[in-house]
Amino acid sequence: MKIREFGVEVWMNEFENDCAYNLAETCVESLTIAELLALCGADETALGDLLSMKMTYGAIEGSDRLRDAVCGLYDSQKRENIVITHGTIGANALIHQTLVSRGDHVVSVLPTYQQHYSIPESIGADVSILPLRWENGFLPDLDELKRLIRPDTRLIAINNPNNPTGALMDRDFLTQIVEIARGCGAWLLCDEVYRGSDQAGDGMTASVADLYEKGISTAGVSKVFSLAGLRLGWIAGPVDVIHAVSVHRDYNTISVGMIDDHFAAMALENRDRILARTRAITRDNLAVLADWVAQDPSIDWIKPQSATVALLKYDFDMPSREFCVRLLQETGVMLTPGSAMDMEGYLRIGYANNIAVLREGLARMGAFLARLRAGG
Ligand SMILES: Cc1ncc(COP(=O)(O)O)c(C=O)c1O
């Protein structure tokens, strides 16, 4: 099966281990196991629970404890609506593999996580792109979506909150998309891995799984739960979809690791404390980034409403990859070029990591931009 290279992953693999100031990272600063235990009100003695854990394959679809904890993130999902996967990346891959066949019509927003258009394309689906435009605050144009859908549209793939723009569709906006999807009977897949990081309120937007009988939510513990090392995600959706996914999943997953399942359950059971930390980090750090953007004459943006990333527009006639490679070589600061996500002319910055690294990285980037303005 032919498939395009995954632009962002190729970029990360090439440079991530050599940078001094990683502003390409999209996770809220990752937790150590000790920090996780502390946030959960436990200490090292809780590790004793692991000693008697017999290393079988564990519960095939994910433990009941974990699936119940996942349900706590939704209004109306029950254990049978949840299946545990190898990260959100595994959840997305399984949904596309299960629901999309050659010749099917699929609509995907762009920019988004590349899986959502490159996997259906590789399957031989007819993929229509719904561009997220600067002038619309990177939100989908719903009239354009209405024009793109067809009576036979099989699946609409959105990403909320959006990577790389940080744009956020609220409940009313999502409800309008649901109406459009319902009109043609399409599945609505929403990659919700950044859900829980909104800048306003309690940080938690509605999920399509709770809004639509054919709505499917994919998510995981990497970003807002700061536990990417667990490689743990899930699908929340109609029971029929969970069953159909399980047929494919038996061929490529069997189960996730029991230790990963254990720590993920612990984190989700203590989600209030972990998400409070996430809100504090994302809100403090975005304020730092906003101050920097406001005073730099070469950078413009649509300020993110959620997630951990922002798309920056830069005022130089230079390909984004060249910009990022020079920035990295001259300053040690790593961003992600828009070209890696089919958004030439932009740079993606991840701002939810260590605030000292963010401040120093921005200072270095500011000096680099000043040199470029001076013709350097
Ligand atoms: C929108 C989106 N979906 C999925 C993933 C993959 O997440 P996970 O680590 O849970 O597999 C990422 C990671 O960058 C992402 O940004």
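Residues numbered from 1 in each chain as written. Predicted model: local features only at pLDDT ≥ 70, side-chain atom pairs only at ≥ 80, totals over all residues. Heavy atoms only, no water.

Draft legend 1. Expanded view of the sheet that holds strand β9 (residues 299–301). With antiparallel pairing, 4 strands are arranged side by side in an open sheet as β9-β10-β13-β12. A strand with exactly one partner marks an edge of an open sheet, and here the two such strands are β9 and β12 (336–337). Bridging between β9 and strand β10 (residues 309–314) involves 3 bridges; their strand directions are antiparallel. Bridge pairing in β10 links Ile 299 to Tyr 314. Packing against the sheet, helix α11 (residues 271–295) makes contact with β9, β10 and β13 (346–350), and its axis sits at approximately 130° to β9. (Pairing = 2+ DSSP bridges. Helix = DSSP H or I, 4+ residues; strand = E, 2+ residues; numbered from the N terminus. Contact = heavy atoms within 4.5 Å. Axes fitted to C-alpha atoms, helices over the stretch in contact; angles between N-to-C directions.)

Draft legend 2. Representation of the pairing of strand β8 (residues 233–236) within the structure. Side chains of β8 alternate between two faces, with Gly 233 and Ile 235 and Trp 234 and Ala 236 buried alike. Of the pairings in the sheet, the one linking strand β2 (residues 82–85) to β8 comprises 4 bridges and is antiparallel in character. When the bridges of β8 are listed, Ile 82 appears paired with Ala 236. Two strands pair when backbone bridges link them, and strand β7 (residues 215–220) and β8 are joined in this way by 4 bridges, in the antiparallel orientation. Each residue of the ladder has a partner; that of Thr 218, found in β8, is Ile 235. (Buried < 20%, exposed > 50% of the residue type's maximum accessible area, 1.4 Å probe, protein only.)

Draft legend 3. Fine view of the packing of aromatic side chains. Within this structure, the stated rule accounts for 7 aromatic pairs. For the ring pair Trp 11 and Phe 15, a centre distance of 4.5 Å and an interplane angle of 50° mean the geometry is tilted. Remark: Phe 15 and Trp 11 occur in helix α1 (residues 7–15); sequence separation between them is 4 residues, near one turn of the helix. Under the relative-accessibility criterion, Trp 11 is labelled buried at 2%. Among the aromatic residues, those joined into a cluster by ring pairs are Trp 134, Phe 138 and Tyr 346. One cation-aromatic arrangement involves Arg 195 over Tyr 74; the distance from NZ or CZ to the ring centre is 5.2 Å. Geometry around Trp 134 places Lys 313 over its ring, the cationic atom sitting 3.8 Å from the centre. (Phe/Tyr/Trp six-rings, centres within 6.5 Å; stacked < 30°, edge-to-face > 60°. Lys NZ or Arg CZ within 6 Å of the ring centre and 35° of its normal.)

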